[in-house]
Amino acid sequence: MTSWRPDMMMFAHISDTHLGAAPYGLREREDDFYRVFREAVDEIIKDHIRVVVHSGDVLDEPRLPGKPILELMRGMRRLREAGTSTYAVLGEHDFRRVQGEVPILRTLEELGQIRILRDGRPERAGGGMVLVGFLKKRKDEIYAGSDPLIERLREAAELVTDIGGSDRKILVLHQGLIELHRHAGEMRAADLPPGFDYYAMGHLHDRAVRRFSHLTGPVVYPGSTETTGSEHIPVEGVEKGFFLVDVSGDEPRLEWVKLGARPHYRLELDYSRLGDQVEEALRRLAGGEMKPVLHLVIRGRDIDSGFLQAKLSKLLQVALTYRMRVEIEEEEIRGPGKPMGFEEQLFKMASKALGDEEKAERATRKLLPLLEEGDSDGALQLLMGWAGLR
Ligand SMILES: [Mn+2]
């Protein structure tokens, strides 16, 4: 950001840094998470950003060895020394639901390195920005329970309407929206309250910026800063980073800051042309700055795992590691000569079950079509006729 001015209302929105994660148990992958985190801190300091909003999952686990905590503390100390304040909500990876347990982030707060947003309590972040955040809630705490989140959100929205009109209001949540992710989503966008200028979201690891007609600001997921494994991996790879957000105007302006995360590519391979395709991939991926992680999809039939492994292991010349999924192509079921149709198969099965071709004929060619049409009267008459009652 070259056009920064001291009067700008700006913050960095980052999420899901998952420090301490080591996908596939690889040391290189653990270091990737630290590297992009340091890079993010560098960018934030370089751009003179005074406020950082972290939407949760700062750490990968509530209990961690010293290394990730040291990385976090160094980053936070550098930000503090640059005059930058970091505000965070806790994601499910940052704390354990155990009575009396103290989250690691709470110890950093004690040192003045980070501020944890307390449920529904507005916090002035300086620069005319007001933050309201909530600790990660489980599905059963969102819509039910003694103190459902949706009620608290409504209260929070009312609370911030009383705050001066020129202030910018930012809601910080570590929750997945069902509209964006069917499986990882826990709540509906419709249940987010209007009244905020920006909805700083965490939990979903794919980047997303969405507008909903009932809301007064964009709903933004920067996604995780490194690839964690829950993302959709396209053929062309994923991009990781965070947002710089300028809320000084009527509309928030977002600037994407790309981080040097390790590349992840999806590679679709046809078993019958495996050798050629592997060679082609070797040529294409050679000489990259950082060895990628490959997500292979192998399609074919009569797959020999020894042959497969031998061919694929060549990819380790250019890739850090690879994951693979094998999709077996089913052979079509064919009768002698021409393919057997569905009705024919059904008739054969019915004949076998009833032990009588005539009954099977009646059931599949006369009764079934009537039932399929929902003609229960017709079906009943037919049955009564067969039973000699009509
Ligand atoms: Mn996460």
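Here, the structure is the one placed above.
Each value, and the rule that gives it
- Residues numbered from 1 in each chain as written.
- Predicted model: local features only at pLDDT ≥ 70, side-chain atom pairs only at ≥ 80, totals over all residues.
- Heavy atoms only, no water.
- Salt bridge = Lys/Arg side-chain N within 4 Å of Asp/Glu carboxyl O.
- Helix = DSSP H or I, 4+ residues; strand = E, 2+ residues; numbered from the N terminus.
- Buried < 20%, exposed > 50% of the residue type's maximum accessible area, 1.4 Å probe, protein only.
- Axes fitted to C-alpha atoms, helices over the stretch in contact; angles between N-to-C directions.
- Parallel < 35°, antiparallel > 145°, perpendicular 65-115°, else oblique.
- Contact = heavy atoms within 4.5 Å.
- Nonpolar A, V, L, I, M, F, W, Y, C, P; charged D, E, K, R; others polar.
- Lys, Arg positive; Asp, Glu negative; His and termini not counted.
- Pairing = 2+ DSSP bridges.
- Core = buried A, V, L, I, M, F, W, Y, C linked by side-chain atoms within 4.5 Å.

I keep staring at the pattern of salt bridges and nothing clicks. Help me out?
Side-chain pairs of opposite charge can arise where the charged atoms are in close proximity. The tally for this structure, following the rule as stated, stands at 41 salt bridges. A salt bridge links Glu109 to Arg118; its shortest N-O distance comes to 2.8 Å. A salt bridge links Arg152 to Glu155; the shortest N-O distance between them is 3.9 Å. Of this pair, Arg152 and Glu155 both sit in helix H5 (residues 149–161), three residues apart, which is roughly one turn of that helix. Classification of Arg152 as partly exposed rests on a relative accessible area of 21%. Here the salt bridges do not stand alone but share partners, grouping Arg106, Glu109, Glu110, Arg115, Arg118 and Glu123 into one network.

What's the story with the packing of helix H1 (residues 27–46) against helix H2 (residues 66–81) in this structure? I'm lost.
The description of two helices packed together rests on the angle between their axes and the distance between the axes. Packing of H1 against H2 leaves a shortest axis separation of 10 Å and a crossing angle of 10°. Considering their axes alone, H1 and H2 lie roughly parallel with respect to each other. Contacts between H1 and H2 involve Arg27, Glu30, Asp31, Tyr34, Phe37, Arg38, Val41, Asp42, Ile44 and Ile45 on the former and, on the latter, Lys67, Pro68, Glu71, Leu72, Gly75, Met76, Arg78 and Leu79. Split into classes, the residues belonging to the contact of H1 with H2 amount to nine nonpolar, one polar and eight charged.

Where do I start with the side chain of Glu30 in this structure?
Note that Glu30 resides in helix H1. In this structure Glu30 is buried but unpaired, with Arg27 as the nearest side chain of opposite charge at 4.2 Å. Those residues in contact with Glu30 that sit more than four places away from it in its chain are Ala21, Ala22 and Lys67.

How do you make sense of the pairing of strand S8 (residues 198–201) when you look at a structure like this?
Judged by which residues are buried, S8 turns out to be covered on both faces: Tyr198 and Ala200 on one side and Tyr199 and Met201 on the other are all buried. Sheet topology note: the strand S7 (residues 168–173)/S8 ladder contains four bridges and is parallel. Within S8, the position partnered with Leu173 by the bridge is Met201. Both S8 and strand S10 (residues 219–221) contribute to a ladder of two bridges, which runs parallel. Residue pairing for S10: Ala200 is matched across the bridge by Val220.

Can you walk me through the nonpolar core in this structure?
The nonpolar side chains of a soluble globular protein tend to be buried with one another. One finds Leu72 and Phe242 to be the most contacted residues of the largest nonpolar core, which totals 33 residues. Elements that contribute at least two residues to this core include exactly strand S1 (10–14), H1, H2, helix H3 (104–110), strand S11 (240–246) and strand S12 (253–259). Apart from residues lying up to four places away in sequence, Phe242 is in contact with Ala12, His13, Ile14, Ala40, Glu43, Ile44, Pro222, Glu255, Trp256, Val257 and Leu259. Judged by nonpolar contacts, the second largest core, of 26 residues, contains Val130, Val160, Ile163 and Tyr221.

Would you mind going over unusual backbone geometry with me for this structure?
Note on backbone geometry: most residues besides glycine have negative phi, and most peptide bonds are trans. Non-glycine residue Tyr24 carries a positive phi angle of around 60°. With respect to the helices, strands and loops of the structure, Tyr24 is situated in the loop between S1 and H1.

Everything listed here is a matter of coordinates, which is why it stays silent on function.
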